[in-house]
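Structural features, examined
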Amino acid sequence: MASIFQPLLSAYLLLLLPLVVAQSSAGGDIGVGSSIEATPDAKQWVSLSGDFAFGFHQLENNNDLFILAIWYYKVPSRTVVWYANGDKPAPTRSKIELTDRGLVLTDPKGQMIRRSEFATGDVSIARMNDTGNFVVYGSSSERLWESFGNPTDTLLPTQVMERGGVLSSRHKERNFSKGRFQFRLLPNGNAVLNTINMESNLSYFAYYFSATSDQANSSNSGFQVRLDQDGSFYVLRGNNQRDSLSAEDDVVPSVDYYHRVTLNFDGVLTVSRYPKNPTGRNGNWSVSTTIPDNICTSRVEKYGSGTCGYNSICTLKSDKRPKCNCPPGYSLSDANDEYGNCRADFVQGCETDGITSRGDLYDLVELQNTDWPTVDYEVISPCTVNDCKAYCLQDCLCIVAMYKKGECFKKTPPLPYGRQDVQMNTIAFVKVRKAEFSQKNPPITPPPYGKRFRNSLTILISVFLGSSVLVNFVLVGVLCLGSSFLYHRKIKRNHCNKNGIQSSLRYFNYNELEEATNGFEEELGRGSFGIVYKGVIKTDSEDPIEIAKLDRVVQDIDREFRTEVNVIAQTHHRNLVKLLGYCDEGEYRMLVYEYLSNGTLASFLFGDLKLSWSQRTQIAMGIARGLCYLHEECSPQIIHCDIKPQNILLDDYYEARISDFGLSKLLGTNQSFTNTAIRGTKGYVAPEWFKTVPVTVKVDVYSFGVLLLEIICCRRNVAMDVGEEEKAILTDWACDCFSEDAIDALVENDAEALSDKVKLERFVMVALWCIQEDISLRPTMKKVLLMLEGIILVPAPPV
Ligand SMILES: *[C@@H]1O[C@H](CO)[C@@H](O)[C@H](O)[C@H]1NC(C)=O
Ligand SMILES: *[C@@H]1O[C@H](CO)[C@@H](O)[C@H](O)[C@H]1NC(C)=O
C-alpha cells in the first residue's frame, strides 16, 4: 500500500485554479497563490532560520522526475527528511501551489496529481517552520495539515509519534517508493520494527520490539515515541517514565547538532546527528544508535522473508547495517535489488529428479556459521556431518542441510531469514547441481501479469448468488487507461451529473480477461455479488485494473446487463470506484474496475494497522460524499444497499472509494417495492428490510450510520470478544455512551480523537441520527454531509 503516512492525498475532480505568479517565501511564510515549478534550479520554501527547505527534490537516478520533499537547507549532501510522492514522482515542470483549499500538485499539462488531505480547508498561509515541520494554517490560525503529523521515514526533534503512528522505509536510498519496513508504535504501547507484505500491505510480526507494553497496568504502557532536542530518543510511558531507545551516554546538546531518527531502506532504524557548524570542510552524519543491534540475527517469525529476501543470507557490516548475499549457485531474482530474493541458477526439486533423487547430480557447498532457522522439515539426531550431507543429497526435497552439535536439519525452499554470524556454530551445506548435469533455470521473463506489473493492475471477479441458472459475470477495473485503449462510445442517457467527463467503456472479450487474470488465478476478495480477481491488462501505460467475475445471476439479466453497466459507467466521482469496461460474452458477464492498491477499509479498521483519527474522519466524509452523489446526482437514484467497510476501498492516498454500487438490479432486487430477498449484510441492514415498506435511499443512510460508528471506534458493530456485554453491539453501546454523556469511552485509547472532542461528538451524533429506526427521522446523505462538515448544527439525537 502506499504508505499510511503518505500525506498528500489524491483527488480527481477538483477544479484547477488559475495560475498565479509564484511568490518567493521570505522567512518561512508562504502565501496563498505561491507556487514552485519542478526544474533543476527550482526555488524552495526555506524556513526563517534557513535550517529546512520545502520544494522539489530531483531524483538522482532520473533527472526528469521530482518528489516533493523537505530537507536540511544547510547540509551540503542532500538529506531528505520528508517526502510526498515517492511512489509517483512528478515530471519536470510540474507545479506545487498553495491554493485557498490546500496544496495542489499539478503536472505540466495542468492535470492534478495530488492534493493535500484537507479537502475543503480554508487556507490562510503555510509555513516552513524552523523545526522542519511544514504547516498549513486555516483562516483562524488552526493547523489544517502538518508534515510532522504525516511522517515518512524520519522523525525530527519535537516530532511526536503517537500510538498507531508509523514510519515507513523507502525502497532504496535514492528511490523513494515505499519500502518493506515499518517502525510503529502499537496501540498496546510497544514500539516495533516489522516488515510488511508488499502485496497486501499487512504487517508481519516484529523483528524488534521495545517491551514498553505493561500488561498488568496498561495505563503505564508506552503512549508516545519522542525525539528530543538533545537527541534523546525514547518511549514515553503513561506514568511519565522514559524508556530510552538511544544509547544514553551519547546524548549531545541540540544547539550544536541536527538530530534525526530514520528508518533506513534496509530496515535498520538509526539515530544520527550532524554538526551545525562543522569545523572541517565537511560535516558528516554520525550514527549514535542502530536498532536493532544486529538485524541479521534478530527475531524470526513464521512468515515473511526477514531483512534480506528469500534464499538470501544476511551479514552485518561494520556500520551495523545488513548486507545480503545469495548462496553459491544462486543469483538475484532482480539484479537491481540486492536486498531482494535469490533463486537457484539450476532447476531444483522432485519433479526433475524423481522421488529417488540421485545424489551424484549434486555438489554440496559448505558455508560456515550460516543458517536459515525457520524451515527445517526434518531433524536427524544424533547424526554425523557425513551422514547429514548424504541424507540431504539423497532427498529431492532437501536443498540445504545444516549441521550443528550432532544434529542434522534438512531444509526446503524458499529459505527465509538467512543469516551468517560467528556466534552460530553451524555449518550449512547448500546443494548445487553439478555443471555437467546442469539444466539452466530459464531466465525470468515476467509475464504480463507477472510480479513486475502486480502493482499496476488488478482484476476483480465476483459471483452472484441469485437463482439456479448460472451466469458468469466478470467485473474488471482499469485505472486511467490510455485513451487509445478505450472505446469512445457516447452513452445517450444522462444518468448522473458527470462533471463534464465523457463516459468511455471498453469492451473486453472473455479470453482477454482470462489472460489478464492468468486464468483467474489471484483472488482479491469476495464482494456481495461474488469473487473479485486481480489482473493485468497490457496497455501502453501499464495501469492497474481489477476484474470481478459474477457467477449465478438472476435469469433474464441479459437485457438489463448493458443498461446497468451503462448506468454505472455514468458515475464519475472521486469517492466511487471507477468502472472501466465490461465483458458480455456467452454466459460470461464481467465488469472491469480500476485497481486500488490499499484494499478495503475493513482491513484498516479491524486489522492490526490502524488509521489515524484525521484519516478516518476524511474517509468518513469521502464515503458521505460518494453516497450523496449516488442519491442526489444520479437519475434514477442509485441505492447502494450494501454499505459496509468491505465495500469501501482506499486509494494510494487513503481516499475512500465506494465499490459495488449500481448492482442491485443485476442481483434481482426490485428496489421500489417490498422486498422478500434481503440484500445487504447482517449488522448493517436497516430495520425496514424486515418490514413491508418500500426500500429507499434511507437504507444506505442507516448502513452509513453503522459504518460511521465503526470508523469512529475502529471496531466491528457486533463484537462478542470485547469483554463487557454492554459493549457487544456497537450501535447500542454508542447510544448508551451518548445518553450518559460518556462518548470518550468510545475512543478510549485514541489520543488524537480525544483531543478533537468537538468533531468526535459531532460525528457520533450524526451516526446516531442515521441509525434511527424511524425512517423519516434519518437525515438525507446531503444533510449528513453538511452536518459532518460542521456547516449545519447537529441537534441532539433521540436515543
Ligand atoms: C515552530 O518552531 C518553533 C521553534 O522554532 C516551535 O517552538 C514551534 O512549536 C514550531 N511550531 C510548529 C507548529 O511546529
Ligand atoms: C523505485 O523502485 C521501484 C520498485 O523496484 C520501481 O518500480 C520504481 O520505478 C523505482 N523508481 C525510480 C524512480 O527509479
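Residues numbered from 1 in each chain as written. Chains lettered and ligands numbered in written order. Predicted model: local features only at pLDDT ≥ 70, side-chain atom pairs only at ≥ 80, totals over all residues. Heavy atoms only, no water.

**Looking at the packing of helix 7 (residues 613-632) against helix 11 (residues 757-770)**
Two numbers describe how helix 7 lies on helix 11: the axes approach to 12 Å, and their chain directions differ by 35°. The crossing of helix 7 and helix 11 is left-handed. Facing W613, T617, A620 and M621 of helix 7, the residues of helix 11 in contact are K759, L760 and F763. A breakdown of the residues in the contact of helix 7 with helix 11 according to their chemical character gives 5 nonpolar, 1 polar and 1 charged. (Axes fitted to C-alpha atoms, helices over the stretch in contact; angles between N-to-C directions. Helix = DSSP H or I, 4+ residues; strand = E, 2+ residues; numbered from the N terminus. Left-handed = near helix turned anticlockwise from the far one by under 90°. Contact = heavy atoms within 4.5 Å. Nonpolar A, V, L, I, M, F, W, Y, C, P; charged D, E, K, R; others polar.)

**Things to note about the packing of aromatic side chains**
Here the distance between the centres and the angle between the planes together describe a pair of aromatic rings. Enumeration over the complete set of coordinates arrives at 22 aromatic pairs. With centroids separated by 6.2 Å and ring planes inclined at 10°, the aromatic side chains of W45 and F134 adopt a geometry described as stacked. Within this pair, whereas W45 is found in strand 4 (residues 45-46), its partner F134 is found in strand 13 (residues 134-138), the two being separated by 89 residues in sequence. With centroids separated by 6.2 Å and ring planes inclined at 80°, the aromatic side chains of F56 and F66 adopt a geometry described as edge-to-face. Residue F56 is located in strand 5 (residues 52-59), and its partner F66 is located in strand 6 (residues 62-72); the two are separated by 10 residues in the primary sequence. Relative accessible area serves as the criterion here: at 1%, F66 is assigned to the buried category. An aromatic cluster is defined as three or more aromatic residues linked by ring pairs; in this entry it consists of W45, F54, W82, F134 and W145. Across from the ring centre of W285, 4.1 Å away, lies the NZ or CZ of R260, which sits over that ring. (Phe/Tyr/Trp six-rings, centres within 6.5 Å; stacked < 30°, edge-to-face > 60°. Buried < 20%, exposed > 50% of the residue type's maximum accessible area, 1.4 Å probe, protein only. Lys NZ or Arg CZ within 6 Å of the ring centre and 35° of its normal.)

**Some details on helix 11**
Taking 1.5 Å as the rise per residue, helix 11 with 14 residues should run 20 Å; its terminal C-alpha atoms sit 20 Å apart, in good agreement. Among the residues of helix 11, L760, R762, F763, V764, M765, V766, A767, L768, W769 and C770 are the ones counted as buried. Of the surrounding elements, those touching the buried residues of helix 11 are helix 7, helix 8 (698-713), helix 9 (730-739), helix 10 (751-754) and helix 12 (781-788). (Expected span 1.5 Å × (residues − 1).)

**A short note on the pairing of strand 13**
Most of strand 13 sits out of view: 5 of its 5 residues are buried. Burial of the side chains of strand 13 extends over both faces: F134, V136 and G138 are buried on one face and V135 and Y137 on the other. Pairing of strand 12 (residues 123-128) with strand 13 involves 5 bridges; the strand directions are antiparallel. Across the sheet, residue R127 finds its bridge partner in strand 13, namely V135. Two elements, strand 13 and strand 14 (residues 143-146), share 3 bridges in a ladder whose sense is antiparallel. Considered in strand 14, the bridge of V135 is made with E146. The antiparallel pairing of strand 13 with strand 14 creates a hairpin that spans 4 residues between the two strands, and S141 there sits at a positive phi of about 60°. (Pairing = 2+ DSSP bridges.)

**Here's the deal with the environment of G102**
By the secondary structure assignment, G102 is in strand 10 (residues 102-106). C-alpha separation for the pair G102 and L144, spaced 42 residues apart in sequence, amounts to 8.8 Å.

**Quick notes on the site of ligand 1**
The immediate surroundings of ligand 1 are formed by N129, D130, T131, N133, V135, Y137 and R143. The contact in question runs from an oxygen atom of ligand 1 to an N or O atom on the side chain of N133, over 3.1 Å. For ligand 1, whose free accessible area comes to 360 Å², the fraction covered by protein is 50%. Split by residue class, the shell around ligand 1 holds 2 nonpolar, 3 polar and 2 charged. (Near = heavy atom within 4 Å. Polar contact = N/O pair within 3.5 Å; in protein donor to acceptor, adjacent residues only side chain to side chain. Areas by Shrake-Rupley, 256 points an atom, 1.4 Å probe, with all protein chains shown as cover.)

**Quick word on the site of ligand 2**
Contacts to ligand 2 come from L59, H171, N175 and S177. Within the side chain of H171, an N or O atom sits 3.2 Å from an oxygen atom of ligand 2. Protein burial of ligand 2: of its 360 Å² of free accessible surface, 49% is covered by the chains. Broken down by class, the residue content of the shell around ligand 2 amounts to 1 nonpolar, 3 polar and no charged.

**Looking at the environment of G599**
The topology assignment puts G599 in the loop between strand 44 (588-594) and helix 6 (601-605). In the structure, G599 is positioned 48 residues away from N647 in sequence and 9.6 Å away in space, judged by C-alpha atoms. Excluding anything up to four places from it in sequence, G599 contacts I648, L649 and L650.

**Quick notes on the sheet that holds strand 21 (residues 222-227)**
Pairing within the open sheet is antiparallel, and its 4 strands lie in the order 16-21-22-23. The sheet terminates laterally at strand 16 (160-162) and strand 23 (242-244), the two strands that pair on one side only. Strand-to-strand twist in this sheet, taken as the mean axis angle between neighbours without regard to direction, amounts to 25°. Across 3 bridges, strand 22 (residues 233-237) lies against strand 23 in antiparallel orientation. Following the sheet pairing, V235 is matched in strand 23 by D243.

**Focus: unusual backbone geometry**
Backbone geometry follows two general trends: most residues other than glycine have a negative phi, and most peptide bonds adopt the trans configuration. Residue I291 is joined to P292 through a cis peptide bond whose omega torsion reads -5°. Tracing the chain through its elements places P292 in the loop between strand 26 (286-291) and strand 27 (313-316). P382 follows S381 through a cis peptide bond whose omega is 0°. You will see that K405, though not glycine, has its phi angle at about 45°, which is positive. Examined against the element boundaries, K405 turns out to sit in the loop between strand 34 (400-404) and strand 35 (407-411). Its relative accessible area of 71% is what places K405 among the exposed residues. Even without a glycine there, the phi angle at N425 is positive, about 60°.

**Digging into the pattern of salt bridges**
Taken as a whole and assessed by the stated rule, the structure comprises 25 salt bridges. One salt bridge connects E60 with R174, and the closest N-O pair in it is separated by 2.5 Å. Here E60, found in the loop between strand 5 and strand 6, pairs with R174, found in the loop between strand 17 (166-172) and strand 18 (175-185); they are 114 residues apart in sequence, far enough to count as distant. E173 is paired through a salt bridge with R170; the nearest N and O atoms lie 3.9 Å apart. With relative accessibility at 8%, the residue R170 sits in the buried group. (Salt bridge = Lys/Arg side-chain N within 4 Å of Asp/Glu carboxyl O.)

**A closer look at the side chain of R574**
The topology assignment puts R574 in the loop between helix 5 (557-569) and strand 43 (579-585). Look at R574 and you get buried, because its relative accessible area is 12%. A distance of 2.4 Å separates polar atoms of two side chains, one belonging to R574 and the other to E655.

**Here's the deal with the side chain of S246**
Position of S246 among the secondary structure elements: in the loop between strand 23 and strand 24 (257-263). Residue contacts for S246: discarding those within four places in its chain leaves G231, S232, F233, V271 and T289.

**Here we look at the packing of helix 8 against helix 9**
Between helix 8 and helix 9, the shortest axis-to-axis distance is 10 Å and the interhelical angle comes to 70°. By the angle between their directions, the pair helix 8 and helix 9 is classed as roughly perpendicular. For the pair helix 8 and helix 9, contact is made by V706, L709, E710 and C713 and by L730, T731 and A734, respectively. Class assignment for the residues of the contact of helix 8 with helix 9 results in 5 nonpolar, 1 polar and 1 charged. (Parallel < 35°, antiparallel > 145°, perpendicular 65-115°, else oblique.)

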